[in-house]
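So the chains spell out like this:
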Amino acid sequence: MLSAQNRMTRSTDFDATVKHGLRVTQPDLVIHARRGEQASPPKVGLIISKSVGSAVERHRVARRLRHVARSVLPELDSDHVVIRALPSSRGAASARLERQLRAGLRRIRQLMGPRG
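The paragraphs below set out a description of the structure included in this document. Nothing here was measured: the structure is a model prediction, and the numbers come from that model.

So, how was this worked out
- Residues numbered from 1 in each chain as written.
- Predicted model: local features only at pLDDT ≥ 70, side-chain atom pairs only at ≥ 80, totals over all residues.
- Heavy atoms only, no water.
- Helix = DSSP H or I, 4+ residues; strand = E, 2+ residues; numbered from the N terminus.
- Rg over C-alpha atoms; globule rule 2.2 N^0.38 Å.
- Buried < 20%, exposed > 50% of the residue type's maximum accessible area, 1.4 Å probe, protein only.
- Contact = heavy atoms within 4.5 Å.
- Areas by Shrake-Rupley, 256 points an atom, 1.4 Å probe, with all protein chains shown as cover.
- Pairing = 2+ DSSP bridges.
- Axes fitted to C-alpha atoms, helices over the stretch in contact; angles between N-to-C directions.
- Parallel < 35°, antiparallel > 145°, perpendicular 65-115°, else oblique.
- Left-handed = near helix turned anticlockwise from the far one by under 90°.

### Description of the overall build of the protein chain
- For the protein chain, the count of helices and strands is three helices and four strands.
- Seen in sequence order, the protein chain has helices and strands lined up from the N terminus as α-β-β-β-α-β-α.
- Radius of gyration (C-alpha) of the protein chain: 13 Å, near the 13 Å computed for a compact globule of 116 residues.
- With the C-alpha coordinates of the protein chain rotated into their principal frame, the extents come out at 40 × 25 × 25 Å.
- The buried share of the protein chain, taken over its 116 residues, is 40%.
- By sequence separation, contacts in the protein chain at least 24 residues apart represent 83% of the contacts at least 6 residues apart.
- For the protein chain, the computed accessible surface area is about 6500 Å², with 51% contributed by carbon and sulfur atoms.

Spelled out as structure tokens, the structure:
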């Protein structure tokens, strides 16, 4: 579970991250990220549409992604990250989702360059 300070809850944060951040696509996820303010904690938001499946399946995917996102929080500095689950994520194991998230975040860090 993500702590309250690490959850992205405001629609303006979601919008800014998706519209103005960098995007990396993985087989089961699309990851959007942008730099947050230097002193702020990292924020993670999830987008899980109805195309992923029934409410039960969407909640299962959300629980897996929250658990995976919690494991990568120390690597995020003050970044804002939105994870969009694709329909194929429904059948993906947590380990696979974690590998894809880590690979996507590594690529985003390469594209963003050093913090300055």
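Now that the structure is up, let's keep going.
### A short note on the pairing of strand β3 (residues 43–48)
- Bridge count for β3 against strand β4 (residues 80–85) is six bridges, and the pairing is parallel. Across the sheet, the residue bridging to Ile48 is Ala85, located in β4.

### Some remarks on the packing of helix α2 (residues 55–72) against helix α3 (residues 94–112)
- Direction vectors running N to C along α2 and α3 enclose 45°, while the axes themselves pass 9 Å from each other. Overall, the two elements α2 and α3 adopt an arrangement that is oblique. For the element pair α2 and α3, the recorded crossing hand is right-handed. Each of Arg64, Leu65, Val68, Ala69, Ser71 and Val72 in α2 lies in contact with α3, whose residues at this interface are Ser94, Leu97, Glu98, Leu101, Arg102 and Leu105.

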